[in-house]
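Structure at a glance
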Amino acid sequence: MSVIRILGIPGSIRKASTNLGLLRAAGQLLADTPGVEFAIADISHLPLYNSDLETQAGGAIAFPEAVTAFREQVANADAILFATAEYNYSISSTCAMLRHLAQLVPVAHSLTLSRALALPQRR
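Reading the values: the criteria
Residues numbered from 1 in each chain as written. Predicted model: local features only at pLDDT ≥ 70, side-chain atom pairs only at ≥ 80, totals over all residues. Heavy atoms only, no water. Helix = DSSP H or I, 4+ residues; strand = E, 2+ residues; numbered from the N terminus. Buried < 20%, exposed > 50% of the residue type's maximum accessible area, 1.4 Å probe, protein only. Contact = heavy atoms within 4.5 Å. Salt bridge = Lys/Arg side-chain N within 4 Å of Asp/Glu carboxyl O. Pairing = 2+ DSSP bridges. Expected span 1.5 Å × (residues − 1). Arc of directions from axis to C-beta.

Looking only at helices and strands, one finds three helices and six strands in the chain. The helix and strand sequence of the chain, counted from the amino end, reads β-α-β-β-β-α-β-α-β. Residue burial in the chain is summarised as follows: out of 123 residues, 33% are buried. For the chain, the proportion of contacts with a sequence separation of at least 24, taken over those separated by at least 6, is 74%.

In this section: the pattern of salt bridges. Taken as a whole, this structure holds one salt bridge when the rule is applied. A salt bridge links Asp78 to Arg5, with the shortest nitrogen-to-oxygen separation between them at 3.7 Å. With a gap of 73 residues between them, Asp78 in the loop between helix 2 (65–76) and strand 5 (79–83) and Arg5 in strand 1 (residues 4–10) connect regions that are remote in the sequence. A relative accessible area of 34% places Asp78 in the partly exposed class.

Before going further, it helps to examine the pairing of strand 1. Among the seven residues in strand 1, five count as buried, and that is most of the element. Taken together, the five bridges between strand 1 and strand 5 define a ladder with parallel strand orientation. By the bridge assignment, Pro10 is partnered in strand 5 with Ala83.

Right, let's get into the pairing of strand 2 (residues 36–40). As judged from the five bridges shared by strand 1 and strand 2, these two strands associate in the parallel manner. Paired with Leu7 across the bridge in strand 2 is Ala39.

In this section: helix 1 (residues 18–30). In this model helix 1 runs 18 Å from its N-terminal to its C-terminal C-alpha over 13 residues, within 8% of the 18 Å that 1.5 Å per residue would give. Of all the positions in helix 1, only Asn19, Leu20, Leu23, Ala26 and Gly27 are classed as buried. Looking straight down helix 1, one finds that the buried residues subtend no more than 115 degrees of arc, so they occupy a single side. Every exposed residue of helix 1 that faces more than 90 degrees away from the buried side is listed here: Thr18, Leu22, Gln28 and Leu29. The elements touched by buried residues of helix 1 are strand 1, strand 2 and strand 5.

Rendered as structure tokens:
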């Protein structure tokens, strides 16, 4: 049986945020589900996007270590579950920045283009 790897990404960096609590609850619900691995990305140490932090290493773009680790988490996930509040009919600025960090050039290798994404909505 193949394993489906789901990465939860909170829309807030607060330790006690509701978004993070919802992802923890999702992890508990999925804990006993065969064939599913669920992990929550720790985004508290990621820098704000700043193109000055990108460095050229032998002609290729290199990112800060924390960004590289986050991109690897996204690359290894089969699906991404965002937990974020709605802000002016869109996602939080934190999630927008994370999405941008995950999609940094080269565009042909954008990490989120081939992933299942879920963004729960309140009714």
